[in-house]
Amino acid sequence: MSLAAAAVERAMKRQEVIMRALSGSLTWIQAAEILDMDLRSLRRWRARFEAGGAVALYDRRQLPSPRRAPALEVQRILRLYRERFTGWNVRHFYRFARRDHAVRLSYSFVRLALQEAGLVRKGRARGRHRRRREPRACFGELLHLDGSRHAWLRRRPDDQQTLIAVLDDATKRLLYAQLWPAESTVAVMTALRAVFACEGLPVALYTDRAGWAFHTPRAGGGVDRTRPTQVGRALAQLGIEHIPSYCPQGRGRSERLNRTVQGRLINELVLAGITTVSAANRYLTEQFIPDYNAEFAHPPADPTPAFVPLHDVDLDAILCHLEERTVGRDNVVVLDDLALQIPKQPGRRTCAGVRVTVRRDVSGEHSVWHGPRCWGRFDALGRLLAPTRGARPARPKNARAHLAQDRRSRRRPGPTIPSRTRPRSPRLPIGPRA
């Protein structure tokens with residue numbers, strides 16, 4: 001017997017007994033015994049019957065809820081998750097289901113339906129109680145930078161990439177996210193340059209103690225501030241405070257970001273049919289970062305941004321690898337076993353013995369600098385590059401040879417001035433020697 005039929009049968013029995021009690025054929029005590037309830041409950045049922053008729057005798061707890069979700073809609077949601085979104089977390093699936101598949105049921109109902117169907121397991125219990133650090137008040141007051149190595153392309157499980165992500169502490173805005181072969185100095189400097197060029201200079205940067213960030217003499221110990229890395233030197237030159245992290249709990253916002261991105265990006269790349277790193281990076285820039293910020297970012301407590309405008313700061317000259325070298329007798333400087341032959345410089349017989357600065361940009365291009373003057377640009381293999389258009393040409397040996405001879409103005413003849421010479425006295429004759 002179905003639940004609705006049983007509810008109808010019980011309602012008809014209540015109606016029959018109450019009618020007999022009202023007619024006097026039964027006492028109210030006998031009616032209560034037949035219906036297996038006390039007199040107080042029977043009086044309530046009598047009042048409901050007199051106020052609403054036979055319909056009021058139905059037990060609302062045993063009737064189907066008027067807000068019950070349609071069974072076909074529930075089956076469609078379960079089939080959609082099973083066929084296209086297997087492995088997705090519930091919140092991520094719910095966002096795509098509402099946006100692309102017109103699902104209108106609540107998130108709580110969808111989560112419970114997936115858990116009861118065995119498609120999603122229930123979350124484990126939380127750990128011990130911790131007090132979360134309050135976020136910074138201003139946008140740009142503190143940035144988090146971290147790398148997460150993972151097999152981001154599910155269709156290429158043997159290849160692993162590192163996701164370099166930059167997150168703002170005050171707003172949870174994802175400012176940068178790209179896949180790199182490894183968490184290297186070049187990858188970090190490229191990420192920082194993209195953020196600085198777009199937003200400005202932040203107040204502080206919070207990272208772990210990786211080799212590119214700090215020099216740590218003893219594993220697990222404190223960092224050595226007297227021996228900055230290339231990234232540390234660049235941040236100090238820009239006036240940005242570099243804060244090290246000594247535990248995973250301290251960089252909890254970065255860890256939660258990596259966990260969220262791992263649970264979403266991999267599935268979205270599979271859904272979009274992306275199999276290459278370049279296509280994945282385009283998807284991150286054009287689709288994933290805007291969607292992430294639209295869902296998780298929030299306004300800061302203080303609307304005044306803390307980013308400092310760049311103005312005339314040359315990021316290429318700061319966010320690079322810098323080393324000081326002494327030019328050899330053959331006018332060659334060496335950086336990481338790469339010999340750079342300095343060409344002949346105007347005004348110098350030789351460059352030997354001069355202290356110069358060797359710069360390697362994030363693009364791999366090298367350059368040799370003596371103060372503000374560039375003594376040569378080289379490619380990644382150490383080959384001398386042609387001077388760029390607009391560069392100052394070398395001064396020729398003849399200092400006046402660069403002037404056009406036909407444009408030289410001729411000296412105009414001036415007025416004739418008579419010479420005022422003193423008359424010479426006659427010379428005495430010189431006789432023969434004695």
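Conventions used here
- Residues numbered from 1 in each chain as written.
- Predicted model: local features only at pLDDT ≥ 70, side-chain atom pairs only at ≥ 80, totals over all residues.
- Heavy atoms only, no water.
- Pairing = 2+ DSSP bridges.
- Helix = DSSP H or I, 4+ residues; strand = E, 2+ residues; numbered from the N terminus.
- Axes fitted to C-alpha atoms, helices over the stretch in contact; angles between N-to-C directions.
- Contact = heavy atoms within 4.5 Å.
- Parallel < 35°, antiparallel > 145°, perpendicular 65-115°, else oblique.
- Left-handed = near helix turned anticlockwise from the far one by under 90°.
- pLDDT = per-residue confidence, 0-100.
- Polar contact = N/O pair within 3.5 Å; in protein donor to acceptor, adjacent residues only side chain to side chain.
- Core = buried A, V, L, I, M, F, W, Y, C linked by side-chain atoms within 4.5 Å.
- Buried < 20%, exposed > 50% of the residue type's maximum accessible area, 1.4 Å probe, protein only.

Engineer: Can you walk me through the sheet that holds strand E3 (residues 174–180) in this structure?
Structural biologist: The pairing of strands in a sheet happens through backbone hydrogen bonds and is either parallel or antiparallel. One open sheet holds the five strands; their spatial order is E3-E2-E1-E4-E5, and the pairing between them is mixed. In this open sheet, the two edge strands, each paired with only one partner strand, are E3 and strand E5 (241–244). Along the sheet, successive strands turn relative to each other by an average axial angle of 20°, direction set aside. Contacting strand E1 (143–150), strand E2 (161–168), E3 and strand E4 (204–207), helix H7 (residues 185–199) runs over the sheet at an angle of about 150° to E3. The sheet contacts of helix H9 (residues 252–272) involve E1, E2 and E3, and relative to E1 the element is tilted by about 45°.

Engineer: Got a minute to help me understand the packing of H9 against helix H10 (residues 277–296) in this structure?
Structural biologist: Relative orientation of the contacting elements H9 and H10 amounts to 125°, with a least axis distance of 11 Å. Classified by the angle their axes make, H9 and H10 are oblique. The interaxial crossing formed by H9 with H10 has right-handed handedness. Residues Leu257, Thr260, Val261, Arg264, Leu265, Glu268, Leu269 and Ala272 of H9 lie in contact with H10, whose contacting residues are Ala280, Tyr283, Leu284, Phe288, Tyr292, Glu295 and Phe296.

Engineer: Help me out: how do you make sense of the confidence of the model for the protein chain in this one?
Structural biologist: Predicted coordinates in regions of low pLDDT should not be interpreted in detail. Averaged over all residues, the pLDDT of the protein chain equals 83, while 84% of them reach at least 70. No element of the protein chain has a lower mean pLDDT than helix H1 (residues 3–23), which averages 80, and none a higher one than E3, which averages 95. Considering only residues more than four positions removed or in separate chains, one finds that residues 393–404, a stretch of pLDDT under 50, has five contacts.

Engineer: Can you help me understand the side chain of Thr171 in this one?
Structural biologist: Mapped onto the secondary structure, Thr171 falls in the loop between E2 and E3. A polar contact is formed between the side chain of Thr171 and the side chain of Asp168, at a distance of 2.7 Å. Sequence-distant contacts of Thr171, that is, excluding residues within four places in its chain, are made with Phe139, Phe296, Ala297, His298, Pro299 and Pro300.

Engineer: Teacher, can you tell me more about the nonpolar core here?
Structural biologist: Here is a general trend for soluble globular proteins: nonpolar side chains tend to be buried in one another's company. Formed by 31 residues in total, the largest nonpolar core has its most connected members in Val166, Leu192, Phe196, Leu238 and Leu319. Elements with a minimum of two residues in this core: E1, E2, E3, H7 and helix H8 (230–238). Element by element, the count of residues in this core is highest for H7, at seven residues. Once you skip the residues sitting within four places of it in the chain, Leu319 turns out to touch Met189, Leu192, Arg193, Phe196, Ala234, Leu238 and Val362. Core analysis: the next-biggest nonpolar cluster, separate from the first, contains 21 residues, Trp152, Leu174, Val261 and Leu265 among them.

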